[in-house]
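# An overview of the molecular structure
What follows is each chain in one-letter form.
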Protein chains: 2
Amino acid sequence: MAKERLIYLPLGGAGEVGMNCYVYGYGPEGRERLIVVDLGVTFPDMDTTPGVGLILPDIEWLVERRDRIEAIFFTHAHEDHIGALGHLWESLRAPVHARAFTAGIGRIKLEECGIGPETVTTVSAWPETVRAGPFDVGMLPVSHSIPESSALVIDTPAGRILHTGDFKLDATPVVGDPFDRSLWKEVAASGVRALVCDSTNVLSPNPGRSEASIVREVEDLMSVSKGMVAATTFASNIARLKTLAEAGHKAGRSVVLLGRAMRRMVGAAKAAGVLERFPGVVAPEVAEDIPREHLLLLVTGSQGERRAASAKLSQGRYLGFELKEGDTFLFSSKTIPGNERDVIRIMNRFSERGVEVIGDATDNYHVSGHANRPDLEEMHALVDPEMVIPMHGEHRMLSSHARLAERGGRSAVVATNGAVVDISGSSPEVIERIEVGRTYLDGSVLVDSQAFIVRDRIRMALNGHVYVDVRIGNDGEKVGAWSETRGLAGTGRSGEPLDKVLDRALTRVLVREKQRVLADDEAVDTLVRSAARKTAMAEIGKKPEVTVAIDRDG
Amino acid sequence: MAKERLIYLPLGGAGEVGMNCYVYGYGPEGRERLIVVDLGVTFPDMDTTPGVGLILPDIEWLVERRDRIEAIFFTHAHEDHIGALGHLWESLRAPVHARAFTAGIGRIKLEECGIGPETVTTVSAWPETVRAGPFDVGMLPVSHSIPESSALVIDTPAGRILHTGDFKLDATPVVGDPFDRSLWKEVAASGVRALVCDSTNVLSPNPGRSEASIVREVEDLMSVSKGMVAATTFASNIARLKTLAEAGHKAGRSVVLLGRAMRRMVGAAKAAGVLERFPGVVAPEVAEDIPREHLLLLVTGSQGERRAASAKLSQGRYLGFELKEGDTFLFSSKTIPGNERDVIRIMNRFSERGVEVIGDATDNYHVSGHANRPDLEEMHALVDPEMVIPMHGEHRMLSSHARLAERGGRSAVVATNGAVVDISGSSPEVIERIEVGRTYLDGSVLVDSQAFIVRDRIRMALNGHVYVDVRIGNDGEKVGAWSETRGLAGTGRSGEPLDKVLDRALTRVLVREKQRVLADDEAVDTLVRSAARKTAMAEIGKKPEVTVAIDRDG
């Protein structure tokens, strides 16, 4: 009988922040039974993925082994952990398990893709467990920046795994239970084979601060501000919304929720019973009759998203509200790297309206949801696992986290997306590397990140596009080229229209060419593209993308 | 006789960080004699200016008044102050004045555009002055992050202006003279009408740190590191290069300069006599024989630029050097907002090679070149001007700076690019707003930022491009459409090739259309574009850019 083994395989989130997707397997080699932890997304950017809607994990490996997937578990409801559920579930069709708040969000995501709510089973917190093939999985509460975040206790025939999910050590998390050291100690007491652990903040040298630590500052801001206050944070950060709303309420302000995600998340939190008191919320229509100094708007768009409420407000009146001189706009959030320009744009628009903008440069109004370096050390010590597998982080974070664990006397491995790690032995061992790409949701189509589609769009953005219609008569006479340019200067060095210069140059090249070459589509394509790029380079200093169509008529 | 007036007009740098260009004028309204201060550039990004080479100020207003321009002055040699000189001088053709180091860089920029070195006159520091029409202009030394930075003392019949340029208050700047409070006090003693003042760091609440404050930390790093050390900073930060090189030298390391800008800047600094000792520099070929632990590479690319030495090194062997486990890469620099992704990409590439990366999160190895909020307050008090005009900064910075000045009892104005400010009276007054855009260097062509070229490129990047060749026979028969797509999914909902689906749908639309419509090119264009977008939306969920060419044959 083949030896059974326990494997760990990240398909997303390892070597990046975002798009979390991890696989565990147990069984004989090549016949392991599998569970999936999280199906997250990451967000496109203009530099590398212009026009893409969402970036999803490449789950081809899983799809090929669909019959071996026992279940899918979600640690929490952040987009980078659950955002791909609706788009990918149909390809996996395995039962889904999550705690109430997360399950609620998951059902909304499935419903948007036409999949019924019965797909998701709500699970209670540890000590309840779910049997999934050779695995017993429990949801161990942990503090983070969204309700009901859970680490997973994964019991296998080869021992216990603790998969932290995203977490911080927060004794006063405002919403939900404090981080419970004694419970964690108890869970770890029987021995933990592997601690698979969040690495996002490993480069932050100081201990993390509690969600409650900003309450006083927020209260001061709400009472000192003379006009309307608008504040933005991630809508899923229910604790932050509560802090903001309670501080506003204390300062005599009614609270208005602006933005779809804001209303949806508060609704989901109430439905799951994680948010009981949320003071003084009024509808936008009601707010019209309230003096501005008695208003607090909680708005979406902390990352400068162009269609979110914060962006709309920065441009003028939105749903009856208009910020002006004397009002305050608070970013109670950290700007994710890459979003700086968008956030700064909105800050300056508010500044132009005379609004006081309080940015993320100060830590007074925001705390992170992830464990910092000293907190990670504490976690390692608390769980005292045989090995540490850093997950969720860029390479430099995973690497720093692994060194931290090794300095603590524990074995560790830097395993990035696609690394199949055998964790059956005394130390983790990368036994295989599978090729994993990404999947783009582009319009309504899922496309492979390796396809040329997005590469071509980037090239057109950088270099412009020339379309050349080549006509070749059957007799080899009447050869000619007609060009249309897009995204290129109309005239260059010669002062003549670029398309005319191209037409003449390309026709000249074709006319001089041998019959044998003209008869060969591929040769004509290469010839015309090269000549078009050379001509454009001489004329305007750019080498455009060129698409050639060849017409052969009688 | 018309009343004479003194005006200030920012054409770049006011409402943004970068692309500095300011105009002062004195004389009767509409006949003011003009001087220009700085001709800087700003850098394109994929979000708003894909494929653009450089962004230059829109100087149309100046070109129309070319006969009234007395001179152009440069405060210092940073790209965002002098980078546009070569590209724009031909349109202005006014004499250029700068101190030796800046003049040297200016001459290189002109030479690259085929303009002779005699265009630039080297000026000594204050008390030397240059007569320029009604203006007397002196170069008052100030500390910054590049040699020989100068504020301008601009004497006019309406009083003295102090234009700070970029500055900090540094008593120990490593290269160049310490900030000379008594000299500034002396210059200001006779009264200053307007302090036109750098706003870049007004949002930083703590006093700025001296360049010398990082020496100890850098020395420790160089001696503790066991392998090769590579460090990057702006090549123009000669003081930082000196700090790094001296620390390396002290730790027994030979210094290698990698990257064209690095060699050019060190050469210019030596030529201008601002850098005397620069220890232990060896050529890359010589370094091959030196053990790696005795090497320090000073490399270009602190902002993650894709073609700079830091990027090359992160990808493997470059000019004989290859960083690996045990080596250290130091970012002795701040990441400019918007460059985070590029910098992080390089950090992770080094991490993958096992290199220890020290980022900009820590302030141990970098100090800013700009005056922080308390330093600005000190400058206001030192100069004690009648009015403060905040310059160089985003709107929120100018606005915060103006409030700071007003709280100090001085009048101030937020004047962004295009605001003509009369500073003849007791307080600054915006008397006109001229329309200013930007100019793009796109390939070898200067194009107006309002042109559709770049907009079209962005649209193709987001939406893809469909080219449709429409053929209409003269008799109205033989109507048809042939599509070519670029940057779009090949197949969508129907499973058929997208171009075939488009061909059929568009031909159907054309065939059904009335002769009158088919005879009208514009109507056909609108019809086809709309139908192509609708078809693509149904098929793949995207509305592409569409270019229509119409062929009418017999």
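See above for the structure.
Presented here is an overview of the structure given in this document. (Residues numbered from 1 in each chain as written. Chains lettered and ligands numbered in written order. Predicted model: local features only at pLDDT ≥ 70, side-chain atom pairs only at ≥ 80, totals over all residues. Heavy atoms only, no water.)

What follows concerns the overall build of chain A. Of the regular secondary structure elements, chain A holds 17 helices and 26 strands. Taken along its principal axes, the extent of the C-alpha atoms in chain A is 85 × 75 × 45 Å. The 554 residues of chain A split such that 58% are buried. In chain A, once contacts between residues fewer than 6 apart in sequence are set aside, the share between residues at least 24 apart is 70%. Looking at chain A as shown, the accessible area adds up to about 21,800 Å², and 48% of this sits on carbon and sulfur atoms. For chain A, the separation between the mean place of its 66 positive charges and that of its 78 negative charges on side chains is 4 Å. (Helix = DSSP H or I, 4+ residues; strand = E, 2+ residues; numbered from the N terminus. Buried < 20%, exposed > 50% of the residue type's maximum accessible area, 1.4 Å probe, protein only. Contact = heavy atoms within 4.5 Å. Areas by Shrake-Rupley, 256 points an atom, 1.4 Å probe, with all protein chains shown as cover. Lys, Arg positive; Asp, Glu negative; His and termini not counted. Charge placed at Lys NZ, Arg CZ, Asp CG, Glu CD.)

Turning to the sheet that holds strand β23 (residues 445-448) of chain B, a few remarks are in order. All names here are of chain B. Strands sit in the order β4-β22-β23 across an open sheet of three strands; the sheet is antiparallel. Of all strands in the sheet, those with a lone pairing partner are β4 (54-57) and β23, marking the two edges. Taken pair by pair, the neighbouring strands of this sheet meet at an average axis angle of 35 degrees, ignoring direction. The pairing of strand β22 (residues 438-442) with β23 spans four bridges and is classified as antiparallel. Considered in β23, the bridge of Y440 is made with V447. Here helix α3 (residues 85-92) sits on the sheet and contacts β4, β22 and β23; the angle it forms with β4, its principal contact strand, is near 35 degrees. (Pairing = 2+ DSSP bridges. Axes fitted to C-alpha atoms, helices over the stretch in contact; angles between N-to-C directions.)

Here the focus is the relation of the copies chain B and chain A. Between chain B and chain A, which share one sequence, the superposing operator has a rotation angle of 180 degrees and an axial displacement of 0.0 Å; the RMSD is 0.1 Å. In short, the pair behaves as if placed about a two-fold rotation axis. Nearest to the rotation axis, the C-alpha of A461(B) is located 2.6 Å from it, this being the minimum over chain B. Take the interface residues of chain B: 100% of them recur as interface residues in chain A, which is what a same-surface contact looks like. (Least-squares fit on C-alpha atoms with pLDDT ≥ 70 in both.)

Moving on: the pairing of strand β2 (residues 21-28) of chain A. Residues and elements named next belong to chain A. Extensive coverage of β2 is indicated by the burial of eight of its eight residues. Pairing of strand β1 (residues 4-12) with β2, which is carried by eight bridges, proceeds in the antiparallel orientation. Opposite G12, over in β2, you have C21 as the bridge partner. Here β2 pairs with strand β3 (residues 33-37) via five bridges, running antiparallel.

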